[in-house]
Amino acid sequence: MSTSILRKLLLTAAFVVTAVTAASAQDQGLENPRSTLFHQELKDKKVVFLPLSMGFDLTEGWAAVMRKQAARLGYSFEIRDPAWSTDAGTRALSSLITEKPDVIVLHNPDIQSYARLIKQAQSAGIKIVQINLESNSTSDSYVGADWTEIGIQAAEAVAEKCDTGKGISTKIAIDTGVPTAASDVFQLDGIYKVLKQHPAIQVVSQQATEYNAEKARSIMDTVLQQHTDLCGAIGICDNQDTGTASAIQQAGKGNQVFLVTSGGGNKVGCENVEKGLFNLYISYNVPLQGDILNAEIARLLQIKTAAGEVKTMYFTPLTQITKANVNQRNCWTLDDLK
C-alpha cells in the first residue's frame, strides 16, 4: 500500500471518529465547565446574616431572597438575630469572627458600633457585605440605599410644597430614627443641602423616634399643637412614620401637611400611599436589593482575593411612589419573595 493511500485512509478514519464524537456530543450535550466550576466554588460554603432584628419587612424580605439562593446553590445560610440590641449584635459578630464563616451579611445599627469588628473579621479572612446601613468601616461590598440621595429627593419634594407662597406656611418637621445610624446622618446631610437653597423654609422640629411609631405619633401630636400651620414633614422610615401619619390625620391636617417617607416598597407602605397617609413614598426596593445582594454573595464566595482587599459598593435605584403610580409592580409582599 502506498504512503499516499495510507495517509488518505488515516484521514478518513480520523474524520469518522470526529464525526461520531460530534454526533455523540450533539445527542448527549456537552458539560459546561464554567457551570461546573461555579457550583463547585459555592457548594458547602457558609453565609451568615446579622440584621438589626428579624420580624420586620426589610430584614424578612432580604432573608427570604438570600435563603432561596443558598438552597439553590448548595451553601449554608444562617441568621443571628440580635433583636434590636446593639450589645447582642456585637457579641454575635465577635462570635462569628471565631467561627469564620465565608461571608457575613451585616446590617449596621449605626456607623460606629461594628466598625472595629468589621476590620477584625476581614483580618480573619471573612468577607463582609453591608446591607442598606453602612458603617464607618468600609467592607468588601455595600448594597443598599443612597441615604444622601433619599434626603435630597425628600427635601426637594417638601420644598416644592412649602417654599414661600406655595403652602399654608414654610414650616416643616423632621423625624429621625437613631441619630447615629447611616440612614439618619447621611439623609440629614442630603436634606440640609437642599434646604440651604430654600432659606425661607423653617425646620420647627427635628427629633429622634428610635424607629418607634408610637413615639413618632406623640412627637407629631406635640408639633401640631405648637405649630397648627405646619406645612410639611419628612420621616426617616415608613414603619415609624405610620405614627406620624396617624397624628396628622387625627388632627385633621391630612390635606395640609405633606408627609414624605421612605422604605423598602412593601405592600403596607403602598397601601398607606393609597389611603393618603403618605404623600410621597421613596422606595429602595427590597426585592431588587435582595437580588443584587445575592449576586455579591456569589461573587465573594468565588473570588480568590483576600477579605478587604477589594471594596465595592452599589447604591440601588430609588422609586418615588405617589397615588398616581402606586401599583403591584412597585410593591411586594413577603409571600412574593419566599
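We now turn to the structure provided with this report.

What counts and what doesn't
Residues numbered from 1 in each chain as written. Predicted model: local features only at pLDDT ≥ 70, side-chain atom pairs only at ≥ 80, totals over all residues. Heavy atoms only, no water. Phe/Tyr/Trp six-rings, centres within 6.5 Å; stacked < 30°, edge-to-face > 60°. Helix = DSSP H or I, 4+ residues; strand = E, 2+ residues; numbered from the N terminus. Buried < 20%, exposed > 50% of the residue type's maximum accessible area, 1.4 Å probe, protein only. 1 Å grid on protein atoms, 1.4 Å probe; cavity = no way out; pocket = protein on both sides within 12 Å on 5 of 7 lines; lining within 4 Å. Points joined across faces, edges and corners; volume = space filled by probe spheres on them. Nonpolar A, V, L, I, M, F, W, Y, C, P; charged D, E, K, R; others polar. Salt bridge = Lys/Arg side-chain N within 4 Å of Asp/Glu carboxyl O. Expected span 1.5 Å × (residues − 1). Polar contact = N/O pair within 3.5 Å; in protein donor to acceptor, adjacent residues only side chain to side chain.

1. A look at the packing of aromatic side chains
Reasoning step 1: Scanning the model with the defined rule gives five aromatic pairs in all.
Reasoning step 2: Taken together, a centroid distance of 6.3 Å and an interplanar angle of 40° make the contact between Trp 84 and Tyr 211 tilted. Highlighted residues: Trp 84 in the loop between strand S2 (76-79) and helix H4 (86-99) and Tyr 211 in the loop between strand S7 (202-208) and helix H8 (213-226), separated in sequence by 127 residues.
Reasoning step 3: With relative accessibility at 21%, the residue Tyr 211 sits in the partly exposed group.
Reasoning step 4: Members of the aromatic cluster, joined through ring pairs, are Phe 56, Trp 84 and Tyr 211.

2. Topic: the layout of surface pockets
Sizing a probe to match a water molecule and rolling it over the atoms shows the empty space that remains.
Reasoning step 1: Its volume calculated, the largest pocket comes out at about 200 Å³.
Reasoning step 2: Lining the largest pocket we find 14 residues, and of these Phe 56, Leu 58, Tyr 211, Cys 237 and Tyr 284 sit closest to its centre.
Reasoning step 3: Its residues assigned to classes, the lining of the largest pocket comprises ten nonpolar, four polar and no charged.

3. What about the pattern of salt bridges?
Reasoning step 1: Counted under the stated rule, the structure contains twelve salt bridges.
Reasoning step 2: The partner of Lys 304 in a salt bridge is Glu 41, and the shortest N-O contact between them spans 3.0 Å. Pair noted here: Lys 304 is in the loop between helix H11 (286-302) and strand S11 (312-315) and Glu 41 is in helix H2 (residues 33-42), with a separation of 263 residues, a long-range link.
Reasoning step 3: Look at Lys 304 and you get exposed, because its relative accessible area is 68%.

4. Thoughts on helix H6 (residues 147-162)
Reasoning step 1: Compared with the 22 Å implied by 1.5 Å per residue over 16 residues, the 22 Å span of H6 between its first and last C-alpha is a close match.
Reasoning step 2: Residues of H6 that are buried: Trp 147, Thr 148, Ile 150, Gly 151, Gln 153, Ala 154, Ala 155, Ala 157, Val 158, Ala 159 and Cys 162.
Reasoning step 3: Backbone nitrogen of Thr 148 and a side-chain oxygen of the N-cap are separated by 3.1 Å at the start of H6; the cap is Asp 146.

Function-wise, these values are silent; they only describe arrangement.
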